[in-house]
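# Observations on chain architecture
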Amino acid sequence: NRNGLSAEKGLLEDWPQDGPPVVWRAAGGVGMSGLAISGGRIVTLVQRDGNQQVLVLDQKTGKQIRSLSIAPQYRNQQGMGPRATPTLVGDMAYCLTGEGLLVAVDLAAGKVVWSHNVVRENGGRPAEYGMACSPLVVGKTIVVTAGAAEATVVAYDRKSGKLAWKFGTDEPCGYSSPALLKVGGREQIVVFTGKSAVGLSPESGERLWR
C-alpha cells in the first residue's frame, strides 16, 4: 500500500518516500542511551535540566509516566549525557551513568533502591568516552565493567546492592557490554575489556580464559 506496509504480514517491505507513519513523538534529552522495552514501558536515560535522568514512557502513546534524576549532568568532550542502556527486570531498572554510577531504580515506586559509584569505589578511572556498558543480569547479580586494576568487572547483589565478586588485573574497561554465553559447554560471562576478551565464572568472577 502507499505506506509500504504488508497487510498480511504487518511488516515494512518498502521504505515509503515520506518515511513510515509516525505513531507518536516524545521529548527526550541529551545522551546516547538506547531504549529498553518491557511491560508496556519504554525506559531510557537522558540528560536534561542539569541531571542524568531515568525516563519512563508509555509504549503505546509515548506519554511520560515518570522521570527520576539519578546523578548530576555528565560532561565529556566526546558528547554529553549518559551512554548506557538500562536493563529491566520486572519493576526494577539497573542504570549506569556516564561517570560510572550504577543505580537500581524501582520504577513503580519512582525511587532509587541502591547505588554504587563502581569506578570511584574500586579505584578505577572513567573510560575516555565515558562509561558505556549496559548492566548484565546474571541470576541474583548485576554485572558491569569498572575499569580498575583490581576490579575490571564487578558484580553486585540485585536486591541489596552488596558486592558479590570482582575480577581485576585487566584494566582499563572497554565500551562493550558483558554477555552471558555458553562457551565450550560451560555458561560464563564474556567481557571485552580495554585490552582483551575474558571469560568469567558467573558465580565467583574467577577467570576461565583470556
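You'll find the structure just up there.
Small disclaimer: the values here were computed from a predicted structure and weren't measured.

Moving on, we get to the sheet that holds strand β10 (residues 141-148). Strand order in the open sheet formed by 4 strands is β9-β10-β11-β12, with antiparallel pairing between adjacent strands. Edge positions in the sheet fall to β9 (136-138) and β12 (163-167), since each of these pairs with one other strand and no more. Sheet twist, expressed as the average angle between the axes of neighbouring strands with direction ignored, equals 30 degrees. As defined by bridge partners, strand β11 (residues 151-157) adjoins β12 across 4 bridges and the pair is classed as antiparallel. Paired with A155 across the strands is W165, a residue of β12.

Moving on: the side chain of R158. Within the element layout of this structure, R158 appears in the loop between β11 and β12. Among buried charged residues, R158 stands out as having no salt bridge; its nearest opposite-charge side chain is D157, 7.4 Å away. Sequence-distant contacts of R158, defined by excluding residues within four places in its chain, comprise V89, Y94, W114, V137, G139, K140, T141 and I142.

Turning to the sheet that holds strand β13 (residues 179-183), a few remarks are in order. Read across the open sheet, the 4 strands follow the order β13-β14-β15-β16; overall the sheet is antiparallel. Each edge of the open sheet carries a strand with a single partner, namely β13 and β16 (207-209). Between one strand axis and the next, the sheet turns by 45 degrees as a mean value, whatever way the strands run. Inspection of the sheet shows strand β14 (residues 186-192) paired to strand β15 (residues 197-200) by 4 bridges, in the antiparallel sense. The residue bridging V191 from the neighbouring strand is V198, located in β15.

Rules of the game
Along each chain, numbering runs from 1 in the same order as the chain's sequence is written. Since the coordinates come from a predicted model, pLDDT governs what is reported: local features require at least 70, and pairs of side-chain atoms require 80 or more to be given and counted, while whole-chain, interface and lining totals use all residues. Each side-chain value is derived from all of the structure's non-hydrogen atoms; neither hydrogens nor water enter the calculation. Should DSSP find at least two bridges between two strands, the strands are regarded as paired. Each helix corresponds to a stretch of at least 4 residues labelled H or I by DSSP, and each strand to a stretch of at least 2 residues labelled E; elements are numbered beginning at the N terminus. Angles shown run from 0 to 180 degrees and are taken between the N-to-C directions of axes, each axis being a line fitted to C-alpha atoms and, for helices, limited to the stretch in contact. Burial classification: accessible surface area is computed with a 1.4 Å probe over protein chains only, and a residue below 20% of its type maximum counts as buried, one above 50% as exposed, and the rest as partly exposed. His is not counted, nor are the chain ends, whereas Lys and Arg count as positive and Asp and Glu as negative. Counted as salt bridges are all cases of a side-chain nitrogen of Lys or Arg within 4 Å of a carboxyl oxygen of Asp or Glu. A contact between two residues is defined here by any heavy atoms of the two lying within 4.5 Å.

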